[in-house]
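Chain and residue survey
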Amino acid sequence: MTTIINLPPSLDDRTFETVLEHLAPVPLDEKVLLDGRHTRWASPYGLTALLTVAQTRAEKPALVSPESDETGSYWARTGFFKHAEELFEMHGTTHRARASGESDVLLEITPVAKSEDVHEVVGRIQQKSSSILVKELNIDAKATMGFAMTLSEACQNIVEHAGRGGWVAVQTYRWQKRLGRRVVVIAVCDAGVGFRQSLESAQGRRMSDRWDDGMALEEAVIRGVSRFRDPGRGQGLAGVRRYIGRWDGKLSVRSGTARIAIVPSWDEDVPLEEKLPPFPGAQMQITIPERITDR
Amino acid sequence: MINHIDLSTVLRRTVCDLYSDLVTRPTGAAVRDGIEKQLSELGERSLTVIDFSHVGLLDYSCADEIVAKLLMRYADTNAPRDAYFLFRGVSDSHLDAIETVLERHGLAIVAQAEDGTVVLVGTVDDPERRAWEAMLRLGRAMAVDLAREAEIEPEQVERVLSALCRRRLAMELDGSYVVVGAVT
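Residues numbered from 1 in each chain as written. Chains lettered and ligands numbered in written order. Predicted model: local features only at pLDDT ≥ 70, side-chain atom pairs only at ≥ 80, totals over all residues.

Here we look at the overall build of chain A
For chain A, the helix and strand inventory stands at nine helices and 13 strands. Relative to the compact-globule value of 19 Å for 295 residues, chain A shows a C-alpha radius of gyration of 18 Å, a close match. On the principal axes, the C-alpha backbone points of chain A span a range of 55 × 50 × 35 Å. Within chain A, the proportion of its 295 residues that are buried is 47%. (Helix = DSSP H or I, 4+ residues; strand = E, 2+ residues; numbered from the N terminus. Rg over C-alpha atoms; globule rule 2.2 N^0.38 Å. Buried ≥ 20, exposed ≤ 12 C-beta atoms within 10 Å, placed from the backbone.)

Structure, rendered in structure tokens:
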């Protein structure tokens, strides 16, 4: 039996929860078909999370690509289909990449599994991001290095903790509905062990009665706790938090059944959401908005 | 003798000859290992310039592996040798990562600006800072002179100077003291 799950018209970190809700009751070895025919837009999170979902299934899932040429072309430009073809049984229209003025792919969807991948990602983002961050998002030229550092630390979370490879993508686009400004968005998703299990693996660690995914996220993201006893560990996520604080950005991290967010004034998200449908691994999204200047 | 280590050269030699960014913990650990190999070929006491001039990006993980762990090893009472470090070519973005890891571990370094002036970066308490700055003004100086210049009680100054030497921020030379970097 195949379970058909319709992808939402707009596929981002919030709407992806509906996909996970439908997936939750389906046994891992049962076939699922993700129907993206009516999907018109997807964020880097939406696309990397789709690939991550495929990694979690024992039975290779099927995916129907979007009917819209514009959407399909964008998905092609992000490199999505190249990876999806290996993880999904593909159906529907084959799309080719076309140039577009509204969204810029700063970093195509890139697999991250080892330290060398992080070097490659950092090298590529520095070449491409500098002028866009400065000219289009009014972010100080000096901050572009911080942006690459943030990306590096986010990717290292996969290398150091996930136990299996994941995905990273970076894109800028105009976030008309929520913000009315351009944003640059980093999405880093993996289907690894997740924060709770990673912290549980720390030697001699004592868990409280309340120990769950939400608490594990609070420990790691807010308090900088790591599974390693080395006191220098845990600085990566602290650095990411400092960077987003400096640039009025947003950080959200989902792992297992919980999601934690550092919420800026321009957003109405909640700091912690629990009892979400399960999703293995960790999924991180970093959003930096265009700076408003007095020009 | 002053030893010079160009980090970009160590990076290319120990990790990959195509890299110019110091990112990831494994990279940092490999570079630190390369530095320690060079240090092991020097005498019992050495001053080494750690040069960041040709390094692109430095992330927190790499800064922790290279700067913090190197300092912790040589500031320890069981350090393999009496090694001192002067950090050169440190850009603002490098400094962001370095300051963060130094603060995390309660460490400090001596950094040299392009014009040759040296500054303390990291966590230093007030008497240490006053003694170090006095040393910088006076050049090579005796404890009694430093106590007067830094306005530190004579009975406290030995402890403060000893801490600065242990933390690799100053060197003792035949009973007098000098700031690391002032002897280059």
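A closer look at unusual backbone geometry
Residues and elements named next belong to chain A. Look at D248: it is not a glycine, yet its phi comes out positive at around 55°. With respect to the helices, strands and loops of the structure, D248 is situated in the loop between α9 (235-246) and β10 (250-256). By C-beta crowding, D248 is classed as partly exposed, having 15 other C-beta atoms within 10 Å. In the Ramachandran plot, K275 falls in the positive-phi region, its phi being about 60° despite a non-glycine side chain. Considering the arrangement of structural elements, one finds K275 in the loop between β12 (272-273) and β13 (279-289).

Describing the domain arrangement of chain B
All names here are of chain B. The domain architecture assigned to chain B consists of domain 1 (1-123) and domain 2 (124-184). Taking the mean C-alpha position of each, domain 1 and domain 2 sit 23 Å from one another. Contacts between the two partners involve 15 residues from domain 1 and, on the opposite side, 15 residues from domain 2. Partitioning the side of domain 1 that touches domain 2 into residue classes produces 12 nonpolar, three polar and no charged. (Domains from an automatic or database assignment. Contact = placed C-beta atoms within 7 Å. Nonpolar A, V, L, I, M, F, W, Y, C, P; charged D, E, K, R; others polar.)

Quick word on the interface of chain B and chain A
Interface size, as often reported, equals the accessible area lost upon joining of the parts. Listed as interface residues are 21 residues of chain B and, on the opposing side, 20 residues of chain A. At the level of elements, α2 (25-40), α3 (60-74) and α4 (92-105) of chain B are the ones that each hand at least two residues to the side of chain B that touches chain A. Residue contributions to the side of chain B that touches chain A peak at eight residues, all from α4(B). The residue inventory of the side of chain B that touches chain A, partitioned by class, reads eight nonpolar, six polar and seven charged.

A word on the sheet that holds strand β5 (residues 118-122) of chain B
All names here are of chain B. Spatial strand order, β1-β2-β3-β4-β5: five strands in an open sheet with mixed pairing. The open sheet is flanked by β1 (2-6) and β5, the only strands paired with a single partner. Averaged over all pairs of adjacent strands, the angle between their axes in this sheet comes to 35°, without regard to strand direction. One ladder, built from seven bridges, connects strand β2 (residues 45-51) with strand β3 (residues 82-88); its direction is parallel. Along β3, the bridge assignment pairs D51 with R88. (Pairing = 2+ DSSP bridges. Axes fitted to C-alpha atoms, helices over the stretch in contact; angles between N-to-C directions.)

Some words on the packing of helix α1 (residues 7-14) of chain B against α2(B)
All names here are of chain B. For the pair α1 and α2, the least separation of the axes is 9 Å and the interaxial angle reads 110°. For the element pair α1 / α2, the angle class is roughly perpendicular. Between α1 and α2, the residues in contact are L7, V10, L11, R13 and T14 and A30, V31, D33, G34 and I35, respectively. (Parallel < 35°, antiparallel > 145°, perpendicular 65-115°, else oblique.)

Observations regarding the sheet that holds β13(A)
Residue and element names in this part refer to chain A. Taken together, seven strands build an open sheet; the order of strands is β7-β8-β9-β13-β10-β11-β12 and the sheet is antiparallel. Strands at the two margins of the open sheet, each flanked by one partner only, are β7 (104-112) and β12. The sheet strands contacting helix α2 (residues 44-56) are β7, β8 (166-175), β9 (181-190) and β13, and the helix crosses β8 at an angle near 155°.

Side note on the domain arrangement of chain A
Residue and element names in this part refer to chain A. Domain parsing of chain A yields domain 1 (1-99) and domain 2 (101-295). The gap between the C-alpha centroids of domain 1 and domain 2 is 22 Å. Every contact between the two is made by 21 residues of domain 1 and, on the other side, 23 residues of domain 2. Only α1 (16-23), α2, α3 (69-77) and α4 (80-87) provide two or more residues apiece to the side of domain 1 that touches domain 2. Across the side of domain 1 that touches domain 2, the residue classes break down as nine nonpolar, eight polar and four charged.

Structural notes on the pairing of β5(B)
Alignment of strand β4 (residues 108-112) of chain B against β5(B), held across five bridges, turns out to be antiparallel. Each bridged residue has a counterpart across the sheet, and for I109(B) the counterpart in β5(B) is V121(B).

Considering the confidence of the model for chain B
This prediction gives chain B a mean pLDDT of 93; 99% of its residues lie at or above 70. Across the assembled chains, the prediction reports ipTM 0.81 with pTM 0.87. (pLDDT = per-residue confidence, 0-100.)

Quick notes on α1(A)
Residue and element names in this part refer to chain A. Of all the residues in α1, the buried ones are F16, V19 and L23. Along the axis of α1, the buried residues cluster in a sector spanning 55°; they form a single face. Looking at the buried side of α1, the elements it contacts are β1 (2-6), β2 (10-11), β3 (31-35) and α2. (Arc of directions from axis to C-beta.)

Some points on helix α6 (residues 143-150) of chain B
Residue and element names in this part refer to chain B. Of all the positions in α6, only L146, A147 and A150 are classed as buried. All buried residues of α6 lie within an arc of 105° about the axis, which places them on one face of the element. Buried positions along α6 lie against α5 (126-138), β6 (141-142), α7 (154-166) and β8 (176-179). Downstream of α6 by a residue or two, E151 has a phi angle that is positive, lying close to 55°.

Things to note about the nonpolar core
Formed by 134 residues in total, the largest nonpolar core has its most connected members in L151(A), C155(A), L22(B), A63(B), A131(B), L146(B) and A170(B). Top element by residues in this core is helix α6 (residues 143-162) of chain A. It accounts for 11 residues. Excluding residues that lie within four positions of it along the chain, L146(B) makes contacts with A131(B), A134(B), M135(B), L138(B), A141(B), V157(B), L161(B) and Y177(B). (Core = buried A, V, L, I, M, F, W, Y, C linked by C-beta atoms within 7 Å.)

Observations regarding the packing of α6(B) against α7(B)
Residues and elements named next belong to chain B. Packing of α6 against α7 leaves a shortest axis separation of 9 Å and a crossing angle of 105°. In terms of orientation, α6 and α7 fall into the roughly perpendicular class. On α7, the residues touching A143, V144, L146 and A147 of α6 are P154, V157, E158 and L161. Along the lines of polarity and charge, the residues of the contact of α6 with α7 split into seven nonpolar, no polar and one charged.

Points about the pairing of β3(B)
Residues and elements named next belong to chain B. Here β3 lies mainly inside the structure; five of its seven residues are buried. The handedness of the β2 to β3 crossover, carried by α3, is right-handed. In terms of handedness, the path from β3 via α4 over to β4 forms a crossover that is right-handed. (Right-handed = clockwise from strand over helix to strand, strands pointing away.)

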